[in-house]
Amino acid sequence: MSLNEAVSTTELPGRTEQPGGAAQPAPPPKVSRDQRLRMQGKTSWKVALRRDWRLYSFLVLPIVFLLVFRYVPMLGNVIAFRKFRPGGNPFGDEWVGFHYFEQFIHNQQFWTVFWNTVILGGLTLLICFPLPIVLALMLNELRSRRFKKIVQTITYLPHFMSIVIVAGIVLQLVSVDGTVNQVVRAFGGDAIPFMQEPGWFRSIYLSSEVWQTVGWGTILYLAALTTVDDQLYEAARIDGANRWQQTWHVTLPGIRPTMMVLLILNIGSFMAVGFEKVLLLQNPLIYSTADVISTYLYRVGIQSAQFSYAAAIGLFESVIGLILVLSANFVSRRLVGASLW
């Protein structure tokens, strides 16, 4: 046998002999998904769970909480389409379709509380969202750490008060013999029955909401401010930018992703105006401006036992909130590049 024949008949690694004498490359070996992820420097869920199961075990209780108190109750939304009778089937006894939706759509009282909710939620978003940003920027400019801590303590304190205590303080301040009317009388004016005139409720609610929430809302923005690169400020100073220009061109763009995420979350709770505080502050004399969807649902669903009707209104409110969140997230992702998902 010649040398060429010996070489041609020898099976070389990575090559296969085909009929007709043509040598073809051998197919690459099959690689599992775990091996492919390992070659890419990644880890599969199975490997990560087996390796860090102690850390993942901390997620068990939050997941159970969400399932029991958030997702399982969603099954009860079916009574919005079925007639529910106390003591009967928990998912309703009779299919009525959109009867309860038509009922509240043609109810003028519902549209009154709906627009009260929209106005109060819009004013809360318009006023209470930018104020924590302004306060955080002001605190960031302070050079005295002692004074900064004092201001933070004073502004954070109302957040830790119970809603009942806050409502009690507000009612005492604006009562006929309260501090506000004492000041009015001191300047020669007449006492104003704030909690008996519908026109004052929104101002009182917004004032108490600002006092209670603005200080606490600065925490995330102060944390975001620490991530802004100091070299950007140095470059801006070299270019001749003053403090206002540095804030506008460096600070605000640096915390813009945090701002957009919090804005989306606030828009999602746009329709869920604080139930507890509104319920504690309102009275029948000011229902025309103080009654919102959550308090209306409380009276209709709990006090009047119209569970199916209340479920239909609650589902309607939830759908609006979902649409607002999806829309805000889509717009933010397209315009700014920051979003929740």
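Structure first, text after, so check above.
Owing to the predicted nature of the structure, the values given are computational and were not obtained by experimental measurement.

A. Quick look at the overall build of the protein. A tally of regular secondary structure across the protein gives 19 helices and four strands. Within the protein, the proportion of its 341 residues that are buried is 30%. Residue pairs in contact within the protein that sit at least 24 positions apart in sequence constitute 60% of those at least 6 positions apart.

B. Region of the structure containing the environment of Thr218. Position of Thr218 among the secondary structure elements: in helix 12 (residues 201–225). With relative accessibility at 0%, the residue Thr218 sits in the buried group. For Thr218 and Thr155, which are 63 residues apart along the polypeptide, the C-alpha to C-alpha distance reads 9.3 Å. Each residue touching Thr218, except ones within four places of it in the same chain, is listed here: Pro132, Leu135, Ala136 and Tyr156.

C. Region of the structure containing the packing of aromatic side chains. In total, this model carries 20 aromatic pairs according to the counting rule given. Relative to Phe69, the ring of Phe65 has its centre 5.1 Å away and its plane inclined at 40°; by these criteria the two rings are tilted. Of the two residues, Phe65 and Phe69 both sit in helix 5 (residues 60–71), four residues apart, roughly one turn of that helix. Each ring, one from Phe110 and one from Phe316, has its centre 6.0 Å from the other, and the planes form 65°; the classification is edge-to-face. One end of the pair, Phe110, is in helix 7 (residues 108–128); the other, Phe316, is in helix 19 (residues 307–335), with 206 residues separating them in the sequence. A residue is classified by how much of its surface remains accessible, and Phe316, at 23% relative accessible area, is partly exposed. Above the ring of Tyr205, the side-chain terminus of Lys277 is found at 5.7 Å from the ring centroid. The ring of Tyr287 carries Arg299 above its face, with NZ or CZ at 4.6 Å from the centroid.

D. Expanded view of unusual backbone geometry. At Ala305, a residue that is not glycine, the phi angle is positive and equals roughly 60°. If you trace the backbone, Ala305 turns up in the loop between helix 18 (293–303) and helix 19. Overall, Ala305 belongs to the partly exposed group, its relative accessible area being 39%.

E. Expanded view of a nonpolar patch on the surface. Together, Leu59, Val60, Ile63, Val64, Phe65, Leu66, Leu67, Val68, Phe69, Tyr71 and Met74 line one region of the surface with nonpolar side chains, adding up to about 1,000 Å² of accessible area. Along the chain, Val60 turns up in helix 5. Residue classification places Val60 among the partly exposed positions, given a relative accessible area of 46%.

F. Looking closely at the pattern of salt bridges. Per the counting criterion, the structure on display carries seven salt bridges. Arg85 is the salt-bridge partner of Asp93, the closest N and O atoms lying 3.6 Å from each other. On the accessibility criterion, Asp93 (34% relative accessible area) is partly exposed. Take Arg85: its relative accessible area is 36%, and that puts it in the partly exposed class. Between Arg299 and Asp291 there is a salt bridge whose closest N-O contact spans 2.6 Å. Asp291 carries the same exposure label as Arg299, and that label is buried.

G. Expanded view of the nonpolar core. The biggest cluster of nonpolar side chains holds 21 residues, and the ones touching the most others in it are Phe104, Phe110, Ile293, Tyr296, Tyr309 and Ile313. Of all the secondary structure elements, the ones that give two or more residues to this core are helix 6 (99–105), helix 7, helix 18 and helix 19. In terms of residues, this core owes the most to one element, helix 19, which gives seven residues. When neighbours within four sequence positions are excluded, Ile293 is seen to be in contact with Val113, Phe114, Thr117, Met271, Ile313 and Glu317. Counting 20 residues, the second-largest nonpolar core is a separate cluster that includes Ile133, Val214, Tyr221 and Ala236.

Rules and cut-offs
- Residues numbered from 1 in each chain as written.
- Predicted model: local features only at pLDDT ≥ 70, side-chain atom pairs only at ≥ 80, totals over all residues.
- Heavy atoms only, no water.
- Helix = DSSP H or I, 4+ residues; strand = E, 2+ residues; numbered from the N terminus.
- Buried < 20%, exposed > 50% of the residue type's maximum accessible area, 1.4 Å probe, protein only.
- Contact = heavy atoms within 4.5 Å.
- Phe/Tyr/Trp six-rings, centres within 6.5 Å; stacked < 30°, edge-to-face > 60°.
- Lys NZ or Arg CZ within 6 Å of the ring centre and 35° of its normal.
- Patch = residues over 30% accessible without salt bridge, like charges linked within 9 Å, V, L, I, M, F, W, Y side chains within 5 Å.
- Areas by Shrake-Rupley, 256 points an atom, 1.4 Å probe, with all protein chains shown as cover.
- Salt bridge = Lys/Arg side-chain N within 4 Å of Asp/Glu carboxyl O.
- Core = buried A, V, L, I, M, F, W, Y, C linked by side-chain atoms within 4.5 Å.

These results come straight from atomic positions and should not be treated as a statement about function.
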